[in-house]
Every structure is written in structure tokens, then in C-alpha cells.
Amino acid sequence: MALTSPVKEHPYSHLIETLKDGTKFFSPQKLNDPRYDKLPLSIRVLLEAAIRNCDGFYTKEEDVQNILDWQQQQSKAEVPFSPARVLLQDFTGIPAMVDLAAMRDAVAKHGIDPSLVNPKCPTDLIVDHSLQIDYSKCAIQNAPNPGGGDGPNQSQGPSRSTPSRPPSRGGSHCGSQRGPCSKAACSDPPVSSGRPSASVQQIENTPLLCPFHLQPVSEPETALKNQEMELIRNKERLRFFKWCSKAFKNVNVVPPDVGAVHQVNLEYLSRVIQVSNSFVYPDSVVGTDSHTTMINGLGILGWGVGGIESEAVMLGQPVSLTLPQVVGCKLVGSINPLTTSIDIVLGITKHLRQAGISGKFVEFFGPGVSQLSAPDRTTIANMCPEYNATVSFFPVDQVTLKHFKKTNFTQDKLELLESYLKAVKLFRSYEDPSEDPQYSEVIEINLSSMVPCVSGPKRPQDRVSVSSMKEDFQSCLDEKVGFKGFHILKEKQETRVPFQHCGQEYHLAHGSVVIAAVISCTNNCNPSVMLTAGLLAKKAVEAGLVVKPYIRTSLAPGSGMVTHYLNTSGVLPYFSQLGFEVIGYGCATCVGNTAPLPEAVVDAIKQGDLVACGVLSGNRHFEGRLCDCVRANYLASPPLVVAYALAGTVGIDFEKEPLGVTSEGKEVYLRDIWPSREEVQQTEEDTVISSIFKDLRGRMEKGNTFWNNIEYPESVVFSWDQKSTYIRSPSFFSKLSKEVPPPQSIESAHVLLFLGDKVTTDHISPAGSIARVSAAAKYLLSKRLTPREFNSYGARRGNDAVMTRGTFASIKLQNRFIGKPGPKTLHIPSNQTLDVFEAAERYQKDGIPLIILAGKDYGSGNSRDWVAKGPYLLGVRAVIAESFEKLHKNQLVGMGIMPLQFLPGQNADSLELSGKEKFTITLPDSLSPRQQLTVKTSQGKSFSVTALFDTELDVIFFQHGGHLKYVARTLL
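Where an unreviewed UniProt entry is consulted, the protein appears under the name Iron-responsive element-binding protein 2, with the organism given as Larimichthys crocea. The UniProt entry for the protein carries the following text under Sequence similarities (unreviewed entry): "Belongs to the aconitase/IPM isomerase family." The protein has a UniProt comment under Subcellular location (unreviewed entry) that states "Cytoplasm".

K.L.:
Break down the environment of Ala312 for me, with residues and values.
P.N.:
By the element assignment, Ala312 lies in helix α9 (residues 307-314). Take Ala312: its relative accessible area is 14%, and that puts it in the buried class. Remark: the alpha-carbon pair of Ala312 and Gln891, spanning 579 residues in sequence, is separated by 9.8 Å.

K.L.:
Help me get a handle on helix α20 (residues 638-647), residues and values and all.
P.N.:
In terms of burial, α20 is a largely internal element, ten of the ten residues being buried. Among all positions of α20, only Pro638, Pro639, Leu640, Val641, Val642, Ala643, Tyr644, Ala645, Leu646 and Ala647 are buried. In the stretch just after α20, Gly648 is the one whose phi turns positive, near 80°.

K.L.:
Give me the packing of helix α4 (residues 90-109) against helix α7 (residues 235-247): which residues, what numbers.
P.N.:
Relative orientation of the contacting elements α4 and α7 amounts to 60°, with a least axis distance of 11 Å. With respect to each other, α4 and α7 are oriented oblique. α4 and α7 meet at a crossing whose hand is left-handed. For the pair formed by α4 and α7, the contact residues are Asp90, Phe91, Ile94, Met97, Val98, Ala101 and Arg104 on the first element and Arg237, Phe240, Phe241, Trp243, Cys244 and Ala247 on the second.

K.L.:
Go over the sheet that holds strand β33 (residues 898-902) with me, naming the residues and quoting the values.
P.N.:
In space, the seven strands of this closed barrel follow the order β28-β31-β32-β33-β36-β35-β34, with mixed pairing throughout. Put simply, the sheet's adjacent strands are angled 40° from each other on average, direction ignored. Of the pairings in the sheet, the one linking strand β28 (residues 746-754) to strand β31 (residues 850-853) comprises four bridges and is parallel in character. Looking at the pairing, Leu753 lines up with Ile852 of β31.

K.L.:
Lay out the packing of aromatic side chains with the relevant residues and their values.
P.N.:
By the definition in use, this model includes 28 aromatic pairs. Look at Phe364 and Phe394: their rings are 4.2 Å apart centre to centre, the planes differ by 5°, and that puts the pair in the stacked class. A residue pair is termed long-range when its members are at least 10 positions apart, and Phe364 in strand β15 (residues 361-365) and Phe394 in the loop between β16 (391-393) and α13 (398-405) qualify at 30 residues. With respect to class, Phe364 is no different from Phe394; both count as buried. Arranged with centres 6.0 Å apart and planes meeting at 40°, the rings of Phe732 and Trp866 form a pair that is tilted. Here Phe732, found in the loop between α23 (705-709) and β28, pairs with Trp866, found in helix α28 (residues 866-874); they are 134 residues apart in sequence, far enough to count as distant. The burial state of Phe732 is the same as that of Trp866; both residues are buried. Here the aromatic cluster, defined as three or more aromatic residues joined through ring pairs, consists of Phe240, Phe241, Trp243, Phe248, Phe718 and Trp720. Of note, Lys413 hangs over the ring of Phe409, and the distance from its end group to the ring centre comes to 4.3 Å.

Quick notes on the rules
- Residues numbered from 1 in each chain as written.
- Predicted model: local features only at pLDDT ≥ 70, side-chain atom pairs only at ≥ 80, totals over all residues.
- Heavy atoms only, no water.
- UniProt positions renumbered as here; feature names shortened; annotations may be inferred.
- Helix = DSSP H or I, 4+ residues; strand = E, 2+ residues; numbered from the N terminus.
- Buried < 20%, exposed > 50% of the residue type's maximum accessible area, 1.4 Å probe, protein only.
- Axes fitted to C-alpha atoms, helices over the stretch in contact; angles between N-to-C directions.
- Parallel < 35°, antiparallel > 145°, perpendicular 65-115°, else oblique.
- Left-handed = near helix turned anticlockwise from the far one by under 90°.
- Contact = heavy atoms within 4.5 Å.
- Pairing = 2+ DSSP bridges.
- Phe/Tyr/Trp six-rings, centres within 6.5 Å; stacked < 30°, edge-to-face > 60°.
- Lys NZ or Arg CZ within 6 Å of the ring centre and 35° of its normal.

Listed below in C-alpha cells is the structure:
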């Protein structure tokens, strides 16, 4: 429900209090119920929302009491939750916005002002899922060859989309200029794509830095061309989104090339508190992106939902959920100084995965939480799918406030946030155990048990703690040749081979490091590890340590932003001084694109039959992958790569042995130069967070030229393009009447599909590519599109003609009428085998209603926009199954389709149904929840089913023909 100023009739108006600045809020503490202080903070958010939105229709006083009685009602009571906002990405957002546009048409036909149709819940739509890779090039070919000589594929000329390799390290990548690097110097001139295109100059981007001179340089040509194709390919959809952003209230459209949906949500849209009509309340969100859960790391309750659920919330309907169990995850102990954020995140994830917490809320508490930065928390919260929790909630504390000081929060907003959260006890001091709530169960994780590890020497799953690395490598030398062993004879394990490099003598031995690659592609989600490596390099240089020059060192940032924050924080020059030069952006060392080792090093390895080592922070390593003469390869965090490069060997105990000796003869241990977590977090907040937010704000305010110049209809109703194959007005409202029609029995219905168990949403509404022989393909061919232009079902969700034809179009659909997998069914009157859509079309032309027969767990799997919309438009009036996935059952009700369940112990086989009978389902004048109905067949059989309307609200939606029609009628 949209928040309105409370009136006397509000059942909880007596809970309203006022803050010092005059802002009002509902205070659950005024209930004077001791149970409130024992509630987990995530449940307190649910309770506040129920109190504030209690209208006696969607949310009732009984719901408030059930949430307050969470200890007894968890896993039992069904309660509503009205989030503060909805988050959509463009693929799932477009059908929702198309439905709203069609609703405006429908009410306008009844003489109602169409501008009254708007989302009731504030909605943010981020256009970020449209980019496809039409052009690519391997960034390693753009980098100077660190070893000189011929690089990979040197004998081949440059391809159309792959520029020729620039000069080797001895030359200048960008010429002698020290000012802004020109695109002509840093990449090839534009190449014609052979397709119609707009001018590249139309697209504006935040400049990257030239990785070699650290001067501003335009986006790489491939990125520009991919973005250009994205905008051209999706111009129809973007035009529609532009109209939505101007026509609808409560809709905020974030244009393309601003950022990914979870990035924008985390870094720009997150508010922690919302203020509306002089009332303040907690921020909360449901979103159609799988990364929505990241937001819980900032104390904002949110999780992912399907497109239909998000659309319902937009229209004012709350999310329905069973009161969840809340697992308290207590963090204790001190973090090992060498342990990185990634070690902690993966360690906590492993613990929670083993705990069996599927479908539960996780809430963190305990003194250890204060040691985690805001990015650490959001990364842990983002891992929810890995351990199957619904949310991983971190209540707001001083660390969160400190984080927001670096973002887009003003001082006034911070003061309001803190005072409100403290007033309703949603603010935590993790060091104070008296504030700890009661949880369903508690899992304790000792952070000190999370030790830094590396993986190797041959497989990524073989983890070795850094503290036992020396002993483990020794055992690898002893063991027989296998997954870890090298079987080096005892008398040869002490072999040392001298060699000359750059006029100086060095020695190699078993365990000597000859390759050290800092790669950030797998660490971009949390910049702290790269900053730790950079600060370690800085301290090493300041202590007088060096990396031996024969070690092949490299630095491959995953993006220009990584280079930017390494430079802004002042650590990039220190990387360079240790030999870790930026080599470019792309897959390099971990795919074997390593420059040749010096000949003298290779000869020494072969002469002594040495087990030489490579250390990298990528995600792949196998024996000989980095270089055929390097047999032992270890995956490590970026700072440990730097540490092992400084040591020159993996056979070192960092606690007992020094990394090196300065020119003055002073021994330097790793603990002497390892940066503290506080130092890393401070640098991260000061340089990374602030620069990311500044960049994102700039993109939000600026947009891009293509988006800004898109022309759109300046009308209250959308002017549909009848030729469009992406955007069409759906027929959901074609028979919308002002009055609610009486219940209509289903007479002489045929079975469209006779299905078995475990029919998933993938079977019902595929999301992938459009098969060339499908009903959807036939439609698109009739519109003169080539198969190359079909795109996917996901991209065409705004076209009901495509999506209806794509319903039950899965090649894995098992229809008992057919006997083999495929999107076919039997048209019973003609006894012909047809595409499902073609059969349904014939039935509709003949005025024959349709039902579906199914087994257990009908509709399981991920939510999809069209799993209920598609069957509705095919003419399906009811689904009779042994059991339903709860979410899908609600979706069917929301579209006016009856979910009917066989009585316990009965199914189609036990009732001896062939599926070829005609079925009649008689509806009484007054329906009620969980009512039993009678089904009669044309063969004279009769059996009972249960109508799965769980609440009176379900009955109301069904009688209206679904939620969309219900909302439309409220305006008539």
C-alpha cells in the first residue's frame, strides 16, 4: 500500500511518535510488549512494515500479532510484507511496464483518466541486461610483451576486430606524449561492422586511464562498438523505457551504460531509511535480480523475486511469505593478520553451506561483526545463493554509518538515519551482548579459525594453509607422482643451480618462484585484496626489499576502475618498483598467456630437474599451464603473490623466516610490512568507495547522448507500434468490465497437456533462444525477421504474441499424450499432433475451455514472468495437479487460473483418467478458501479436488480474473 497520512481509523495510530526534526514514525516499542526486544532485527523490519501498512485488507491486525509472536509462529503463519521499493532490471521490467501501459489503455476506454494508473510502490528500473558481445579482442595482444620477442599469434595478421600488437616493452605504448592519450595511439581506428550504426561519438563514457601512462584515454574501441550495438539493437525497448520514465509517477529509469543493477542498487539507490509524507520508515526492497541480497549487508532487508511477484508489489500487493526461521550467525574471535576479506567471505560461506539453512533468514551478530567492512558484509550477503539462505542480514552499526559518510548521504540524512534506527531499536552495537535477540538457532563462527590459504600445486581444490606451506611443499617433493606429488629423490631435493641474469649470479632450487602474477579478475567484487597487495608493495619498497629480476612479474587489473583506484590510493608506483607492471586488461597468466621466461632460468630448471613454482591470484592453474617448465603452480590472494615474489620461494615459513634482508643487513619479516585491516579499510573507504560513488553519480546525472536524444511519444497513453516485434499491447484487459463477473463454471473442457511430476518453470516458459522450428519462430518469420534476428524469449518478454507461442515450448517437456520429449500435444477433436500453441489456438477458435493435468510439484524452479500469463492467454482455466510449488500456485491465482489439487492418495492414474475426456468443474455462487469442488468427466466419472485459494484475498483476485484486472477495476 502507498503510505498516506495516518487517519484516526488507522488501528495503530497510537504508535506514532515524532523525532526532533518533526519527522513522524510508527514506534513498535509503544506496543509495550516484551517480545519486541527479543525479535531478530530482520523480523522487526517485517513488523514495522505490517504496522504501518495495516489496512484491514492486504494487511490485518492478525498479521501484526503473528509477527510479534514470531517465536511461536515461525514456519507456521503466513504474513504479508510490503517493501519500500521494487528493483527491476530491463528483461524482467519490460513486461511489468507493458502491462501498466496496457492498463492505461483499458481504463481510458471506460472514460477514466489514464494518468491515474501508476505503480503504488516506488520502482527503480535499471537497463543493464541488454549488452551483447558483438566485438571482442584479447587484451593481452594490446599489452607490451613483457619478455620481448614474438608474442602469441605473432605470425598472424590482425583480424577485423583484433588490432595488431603494439611495440614491446622497450617502446612507448602511447608514443612520447605525456598528456591525454589519444584513441589513435592506444587502439586501432574504428572498423566498419557491416551493419547500420550510429556515430561512435554519440556515446559518452567515463574515461579510463591509459594503464601505461596513467593519463585519461577513451574507452576501448570494442567497448564503444558493443555499447553502440546495444543501443541500436534495443532502440524500440529504450524508446518505451524513456516514455515510462516520463509518463509514470513512482518510476525511475536508470539508462544504459550507468552500471549493473546490483551495483546501482548498492551504490546509488540504497537509502537505509525512506521518508514519505513526513513519515520515516526502514528501506526495504524486492528485486528481480539475483544479486538483490547484497543490500542486506547495509542493513536493508531485501531479496529476489520473480517478475510476476514484483509486478504485484508495484501495484500495491504485499509479498506473502511464511514467517521464516532466523539463524543467528555469531562471529567471534580476531581475524588473522594475513587473512584477506576473500578468505573470510569464503570461510563464512563454507560454514553456512554446511549448516543446512535453506530458505531461512540469516542474521549476523557478535563482536566479530565489527571487524568486517561494509564491502565485506555486502559480499557475504551476496553469497546467499551459495548457501541457500533467503537473506543474510547485517543490522546497521557504526561501521555502516562510516561507510555512508563516503557515499551520497548528507550529514542531515545520517543524523536522521541514526536517530530513527535507535528509536525503533534497529541499530546495533555488536560488542554489547545485552542487545542480542533470540534466534531460531545460533551458529558460531570463530574468525580466528579462518587462516590464509593457497591452492596447489596442481589442482585448485587442494587447499594449503600458508602456515604449513613449507612442510606441504616438502611432502609434495617426497610423494609419488600424482595429484600433488613430484617424487624427487631425497639426495636431489637440496639441488641448487647457479645461473647468470643481467650480469649477476643467482641460484634456483626446488620451490623457487619464477612467475608471480597479480590478477584482479576474480577479486573485483571486493577491492580490499588488491589494496592490501598494493599497500604491502609500498611497505616492502619503503623497507628496502626487492623482487629478484628474473621472476616474471605482472599486474593484470580486471577493469580500468581497478587501475584507477590503485593509482588514486598511491600504491601503483610501488607495484611497478617491484616489477608488477600493468600489462593490460584481459585473460593472461591463468590461461597460459605468459611471456617466455629468460633462457638462463629455463636452462637452470632443466639442468637441475627443478620443481619451479608459479604463484598467481587468478582462478585456474594446472601443471605446466603457466609455462611447460613450471611444474608447481599455486593460486593465492594478491598480497600473498607479492609476498612469495619477495621471498623468491614457496618453501618459507613466514612466521619464522624473513622475506629478505635490507642493504643494511636488517631482516624484514612479512608481519613487519603486512598492512592492518584498519589501514586497508580506511584506504578503501577514502579512495575506492568515494571514487565509485562519484563516478556513478556522474553517470546518473549525465546519462549518455544516445539515451538523451531518444525521441519518445509525449502522451499519457503509449502509442504502440503495430510493426514492433519487441513491444506489444497484451490482451489481458480485452474483456474488462466495470462489474465483477459472477463465478463461471468450466463446461466440457479439454486437456491441453497431460503432464507428470516435477514440471518446472523452464518447461512452462523457456527463457533461452528461440528454436527455428518453434511456433514463436514461425511468427517472427512472418514478420520478415531472419533466424539471426530472433534474439531470445527473455529479450522479447514485452511481446505477448512471442511469449504465448513460447509457453510450453521446451524441448524437454514430457507430455503423456505424445510419449517423447518436445513442445507438442494432441489436439483431441482431430487426433492431430500439433505445437502446443497451434492446438490451443484451435481450441479457442472453437470456444473450448482448457485445463492441464499434472503430477507432483507442478511449477517448481525459478519464477518466470510468463509461467502464468502464457497459460492464461492459451485459454487454460484450471490446472489439476497432485501438488504445486507454492510460488507458482500464487502466480496462477494472480492471473485468474484455478489451482486445483487432487485429494490425498489420488492422482490421474488412480482415477484412471486418460486425459482425453471432457471435464466439467462446477463453481458455487460463493467461493471460500480451500473449498472442495466436484469434477465430472464425459465418461461418467466424478471426483473431488481442493481449490487452493489460501485466503479470502486469493478468492477476490480469482473472481476478478486476476490481480491486474482487480487493480484496473479499482479505478473504474
